[in-house]
Every structure is written in structure tokens, then in C-alpha cells.
Amino acid sequence: ASRAAMSQNVSFDTLGGVSAHEAALRELVTLPLRSPEVFTRCGVKPPRGVLLHGPPGSGKTRLARAAAHASNASLFVVNGPELVSAHLGESEEALRGVFLAAVKSAPSVVLLDELDAIAPARNQASGDDMMSSRIVATMLAIFDGGTASVPELDRVVVIATTNRPDAIERALRRPGRFDRELEVGVPTPSDRLEIFRAHLRGINHSLSENYIEALAKSTHGFVGADVAALCQ
């Protein structure tokens with residue numbers, strides 16, 4: 001139901017049009033993982049979690065991987081639909097196992113992909129409501145100071161992604177759990193131009209810069225995945 005991996009070779013430099021998100025993620029992820037003493041000196045708690053939301057294909061997961069790479073951190077990935085497909089009791093145990101491994105390998109980033117599948121709002125939960133409630137209760141206990149099997153999340157930051165932020169259990173969307181929510185929306189024309197350039201760097205082509213600029217202007221509504229497919 002879950003898998004763990006070291007941060008893949010995805011860096012902010014390989015992405016395009018993410019300067020605003022990069023600045024926020026360096027503050028919310030890289031700083032607490034690489035320089036936790038900054039928060040200790042100030043007497044404040046470091047950020048615990050970040051929620052990235054936006055349309056499919058906008059690059060939320062790649063941003064999370066880039067943040068882990070920039071932090072020189074281990075990356076543990078939990079796929080929401082895979083996690084909830086397990087039998088009753090197994091999902092919570094798998095979740096605890098991922099967080100325990102992340103604490104042992106700190107500094108670490110735990111990526112909860114498609115959080116709405118893991119922790120749906122209680123009035124929107126479908127299927128086994130008891131399973132959803134148990135998973136949410138497990139997550140809340142881990143966030144709020146650890147459990148008997150998972151110690152406090154020291155030098156561990158959680159990044160979650162979703163296409164539907166309003167479908168997530170509201171108890172998770174408060175300070176101390178997911179401290180900040182960043183919208184990863186449809187890129188602007190200038191953002192698209194950066195994305196085109198990033199993808200075309202690895203492709204042997206003879207397109208002129210004027211043609212690439214024209215493509216960026218004419219692909220209104222394209223997200224990063226669309227631009228990648230067009231370049232291919």
C-alpha cells in the first residue's frame with residue numbers, strides 16, 4: 001500500500017515556471033530540514049506539512065520531489081488509492097510504518113499523493129467510512145506528537161497533493177498539521193515558456209526561439225503535463 005524511495009533526480013532547475021513555488025517550498029521544507037536551529041533559536045515550531053493543490057498534470061508531485069531533492073532528504077511516497085485499497089487495519093499499519101521509517105532516516109520528506117483518497121471529508125467519505133476514520137485518526141495522532149509506535153516527527157516534513165482540497169478532512173487543514181496550502185494552477189504564458197524550454201533542453205530539435213515563444217503563447221490552458229506531451 002506504500003513504498004519508500006530516495007529522492008529521485010528531480011530538481012527545481014529541471015522544472016520551469018515554478019519560481020514562486022520554489023521560494024515557498026525552500027522556506028517551508030528545505031529550511032526546517034537543513035537548518036532546524038533557526039526555529040529553535042526563535043522559539044517557534046518548524047512547519048509540519050504543506051498541501052499542494054491544483055489541476056491534474058500541473059506538476060504537484062514533481063514539485064514535492066524537487067523540494068526533497070533541494071533538502072538533501074530521503075523521500076517516502078504514499079500513494080493514496082493504493083493505501084486505502086488494503087484491508088481494515090493494514091492501511092493504518094502501513095501509514096505508521098512509512099512515518100517510522102521517515103523518522104529513522106531523517107531528514108525526510110513524506111509525500112502523500114492524492115490526500116483526498118486517504119483522508120476524505122467525513123461528509124464525503126465513500127465505501128468503508130470506518131476505514132477512512134481510522135486512517136484520519138492515525139494521521140492526526142502522528143501529526144500531533146507521535147504515537148506509541150511512531151515518535152515525534154523530528155526533521156520530517158509532510159507534503160500532500162490533491163486535485164480537490166475541499167474534499168479533504170478539515171481537521172487536517174489547520175496549523176500544526178498542514179500549515180500552508182499552495183495552489184499549483186494553470187501556468188501563465190511566461191511560465192509555459194519556461195516549461196517548454198525545460199523540456200526541450202533534453203530533446204535534439206531545430207525549433208527557433210521565436211517559434212517556441214509562439215507555442216507558449218498559443219497553448220492557453222496547458223499544464224506542465226500537456227506541454228511535456230506536446231514536446232514529445
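Coordinates for the structure precede this section.
Here's what I pulled together on the structure shown here. (Residues numbered from 1 in each chain as written. Predicted model: local features only at pLDDT ≥ 70, side-chain atom pairs only at ≥ 80, totals over all residues. Heavy atoms only, no water.)

1. Topic: helix 9 (residues 209–218)
Along an α-helix, residues three or four positions apart point the same way, because every turn accommodates 3.6 residues. The condition that has to hold: Buried means the residue's accessible area, taken with a 1.4 Å probe over protein chains only, is under 20% of the maximum for its type, while exposed means over 50%, and partly exposed covers the values in between. Strands here mean DSSP runs of E at least two residues long; helices mean DSSP runs of H or I at least four residues long; both are numbered from the N terminus. The arc refers to the directions leading from the helix axis to the C-beta atoms. Note on contacts: a residue pair qualifies if any of its non-hydrogen atoms lie within 4.5 Å across the two residues.
By the burial criterion, the buried members of helix 9 are I212, L215 and A216. Along the long axis of helix 9, the arc covered by the buried residues comes to 100 degrees, so they all point the same way. Away from its buried face by more than 90 degrees, helix 9 exposes N210, K217 and S218. In this structure, the buried side of helix 9 is in contact with helix 8 (189–200).

2. Notes on the nonpolar core
Condition: Nonpolar cores are built from buried Ala, Val, Leu, Ile, Met, Phe, Trp, Tyr and Cys residues. Side-chain atoms within 4.5 Å join them into one set.
Of all hydrophobic cores here, the largest spans 29 residues; its most connected members are V110, L112, L115, M139 and F178. When contributions to this core are tallied by element, the ones reaching two or more residues are strand 3 (74–79), helix 5 (90–104), strand 4 (108–113), helix 6 (115–118), helix 7 (129–143) and strand 5 (156–162). Discounting residues that sit within four places of it in the chain, M139 has contacts with L95, L112, L115, I118, A119 and L172. Ranked by size, the runner-up nonpolar core spans 26 residues in total, among them L15, V29, V77 and L182.

3. Some details on the packing of helix 8 against helix 9
Defined as follows: Lines fitted to C-alpha atoms define the axes, with helix axes restricted to the stretch in contact, and inter-axis angles between N-to-C directions lie between 0 and 180 degrees. We call two directions roughly parallel when the angle between them is under 35 degrees, roughly antiparallel when it is over 145, roughly perpendicular when it lies between 65 and 115, and oblique otherwise. A clockwise turn of the near helix away from the far one marks a right-handed crossing, whereas an anticlockwise turn of less than a right angle marks a left-handed crossing. When residues are sorted by character, Ala, Val, Leu, Ile, Met, Phe, Trp, Tyr, Cys and Pro go into the nonpolar class, Asp, Glu, Lys and Arg into the charged class, and all the rest, Gly among them, into the polar class.
Their axes nearest at 8 Å, the elements helix 8 and helix 9 cross at an angle of 130 degrees. Relative to helix 9, the element helix 8 lies oblique. Both helix 8 and helix 9 take part in a crossing whose hand is right-handed. Contacts between helix 8 and helix 9 involve P189, R192, L193, F196, R197 and L200 from the first element and E209, I212, E213, L215, A216 and K217 from the second. Of the residues belonging to the contact of helix 8 with helix 9, the class tally is seven nonpolar, no polar and five charged.

Function cannot be read off these values alone, since they describe shape.
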